[in-house]
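Descriptive analysis of the structure
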Amino acid sequence: MTTAVLESIALKPADDASPERKRAYQEALELPFPNSKDEAWRRTPPEKFHPGQLTWSEVVTSSSLLGTAALPEGVLHSDLKSAPVQSELGQLAPCNVFTKLNEAFWSNGAFVQLGKEQLLNNPLHFEHQVQKGGVAFPRSLIKAGRFSRGIVVESYSSSDQETLAIPVTEVFLEAGAKLDCVVFHNWGANTRYLPILRARLDKDAHLRVLFVGVGGQMGKNFMEGDLDGEGCKSEMLGLIFGQGRQHLDTDALHYHNVAHTTSDVLFHVALTGRARSVFAGNIAVAPGAQRTDAYQRNRNLLLSDKARADAMPKLEISANDVRCTHGATFATYDPNQQFYLRSRGLTKTQAEHLLVTGFYQEVYGRLEHEELVGWLNEQMEKVLAQALG
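First, a word on scope: everything that follows refers to the structure included in this document. The model shown is predicted, which means the values in this text are computed figures rather than measured ones.

Before going further, it helps to examine the pattern of salt bridges. This model, assessed by the stated rule, comprises 24 salt bridges. Note that Arg 208 is salt-bridged to Asp 180, the shortest N-O span being 2.9 Å. Residue Arg 208 is found in strand S13 (residues 206-213), and its partner Asp 180 is found in strand S10 (residues 178-185); the two are separated by 28 residues along the sequence. Both residues of the pair, Arg 208 and Asp 180, count as buried. As a salt-bridge pair, Asp 321 and Arg 291 come within 2.6 Å of each other at their nearest N and O atoms. Here the residue Asp 321 occupies a position in the loop between strand S21 (314-317) and strand S22 (323-332), and Arg 291 occupies one in the loop between strand S18 (276-285) and strand S19 (293-302), the gap between them amounting to 30 residues. Asp 321 sits in the partly exposed class, given a relative accessible area of 34%. Residue classification places Arg 291 among the exposed positions, given a relative accessible area of 51%.

Here it is, written out as structure tokens:
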């Protein structure tokens, strides 16, 4: 798709937009729009994520704490448009047409900054809502200072009107920081969404990201981690439940840029109806990044003979002293398990519900905060109850 096609979009910067926004818009016009020959877009039609004549839609962001503990003093948090950090945006996000459109048109999102050695013991929850159809650009910036600890949850939703959502999240972890970040996507039935998350880890930092995809019509998810400090570790976890004709495509990328770094990818996908998932994981090890320890695994549970899952793990290794492995599994619904559960008094719906919940437990087990797991279970229970009857 050419630049001329992108110039036909209805989105235009307002006359009073900042120079930074106008510059980002012009840069977006000069960048190529992806096409189906691009490796990342071979299985998901990029034209579905073209803004076209959709008009701009505002994002409403609110925040709260999950749990009863009070917010520690000194933790900076707000919606993004209230935070004095606009000049820091765009340092991590990859330069492509979608991130530049986000820079030009973002309306709101989350801002969190943990200072040195600060502890945020209860999850800080941001809810991003797109209340009418159109094109929405949530934007978030999360920063964890040296030896800080915290948990940040972002959940996204929209109306049933036609919506295109392009959220961008940038995460910075300084030396020794540890952060859990949950992104919960439960969009409306007519929403196409393209979330982009990019993180940078310094020495001995530990990031655990959980992506949850349960709603929307079609999604193309990009998760990228730059492991820039020795001893750092990045975990990318995923819980996906697809139904009807939903389509969700995920690219999980780890860039091991220095020696002695660790990464782990674990995605569990359950599909019913005619839903389809695509998982592409990549471990990229730079020259000199010796003693890299990296693993990626994608497990798929097909609840229907019409559902489809594709897995394409990849390795790009330019060092000779590493341990990098990958694996993918595919399982169909086991009628014997359902029969056993029903013989113990469960209904067919209850049996299916229990089997899917059990399939997700390995991912839940990676989370260390009881109230976070409880909240996540509650949200997934609602989804499964609606989907499975």
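From this point, things continue past the structure.
Here helix H5 (residues 348-364) spans 24 Å end to end across 17 residues, near enough to the 24 Å set by a 1.5 Å rise per residue. In the structure, H5 departs most strongly from a straight axis at Gly 358, where the bend amounts to approximately 25°. For H5, the full list of buried residues reads Ala 351, Glu 352, His 353, Leu 355, Val 356, Thr 357, Phe 359, Tyr 360, Val 363 and Tyr 364.

The interhelical angle for the contact between helix H2 (residues 19-30) and helix H3 (residues 97-105), taken along N-to-C directions, is 155°, at an axis separation of 7 Å. Between H2 and H3, the angle falls in the class roughly antiparallel. Regarding H2 and H3, the two cross each other, and that crossing is left-handed. Residue-level inspection shows Arg 21, Ala 24, Tyr 25, Glu 27 and Ala 28 of H2 in contact with H3, the latter providing Val 97, Lys 100, Leu 101, Glu 103, Ala 104 and Phe 105. Considering only residue class, the contact of H2 with H3 consists of seven nonpolar, no polar and four charged.

This part covers the sheet that holds S13. A sheet is described by the order of its strands in space; here nine strands give the open sequence S1-S4-S7-S10-S13-S15-S17-S19-S22, paired in mixed fashion. A strand with exactly one partner marks an edge of an open sheet, and here the two such strands are strand S1 (59-65) and S22. If you compare each strand with its neighbour and ignore which way they point, the axes differ by 10° on average. Of the pairings in the sheet, the one linking S10 to S13 comprises eight bridges and is parallel in character. Paired with Val 183 across the bridge in S13 is Phe 211. On the sheet, H5 packs against S13, strand S15 (233-242), strand S17 (262-271) and S19 and is oriented at approximately 170° with respect to S17.

What follows is about the pairing of strand S16 (residues 247-256). The element S16 is largely enclosed, with a buried count of nine among its ten residues. As paired strands, strand S14 (residues 218-227) and S16 are joined by ten bridges and run parallel to one another. Following the sheet pairing, Met 218 is matched in S16 by His 247. Relative to S18, S16 is paired through ten bridges, and the arrangement is parallel. Counted as the bridge partner of His 256 is Val 285 from S18.

The subject of this paragraph is H2. Along its twelve residues, H2 runs 17 Å from first to last C-alpha, staying within 8% of the 16 Å computed at 1.5 Å per residue. For H2, the set of buried residues is Ala 24, Tyr 25, Ala 28 and Leu 29. Looking straight down H2, one finds that the buried residues subtend no more than 145° of arc, so they occupy a single side. Of the exposed residues in H2, the ones pointing more than 90 degrees away from its buried face are Pro 19 and Glu 30.

In this structure, Phe 147 takes a positive phi of about 60° despite not being glycine. When you line up the elements, Phe 147 lands in the loop between strand S6 (139-144) and strand S7 (149-158). The class of Phe 147 is partly exposed, set by a relative accessible area of 41%. Of note in this structure, Asp 204 is not a glycine but carries a positive phi near 60°. With respect to the element layout, Asp 204 can be found in the loop between strand S12 (196-201) and S13. The partly exposed category is assigned to Asp 204, whose relative accessible area is 41%.

The rules behind each value
Residues numbered from 1 in each chain as written. Predicted model: local features only at pLDDT ≥ 70, side-chain atom pairs only at ≥ 80, totals over all residues. Heavy atoms only, no water. Salt bridge = Lys/Arg side-chain N within 4 Å of Asp/Glu carboxyl O. Helix = DSSP H or I, 4+ residues; strand = E, 2+ residues; numbered from the N terminus. Buried < 20%, exposed > 50% of the residue type's maximum accessible area, 1.4 Å probe, protein only. Expected span 1.5 Å × (residues − 1). Bend = angle between axes of the 7 residues up to and from the residue. Axes fitted to C-alpha atoms, helices over the stretch in contact; angles between N-to-C directions. Parallel < 35°, antiparallel > 145°, perpendicular 65-115°, else oblique. Left-handed = near helix turned anticlockwise from the far one by under 90°. Contact = heavy atoms within 4.5 Å. Nonpolar A, V, L, I, M, F, W, Y, C, P; charged D, E, K, R; others polar. Pairing = 2+ DSSP bridges. Arc of directions from axis to C-beta.

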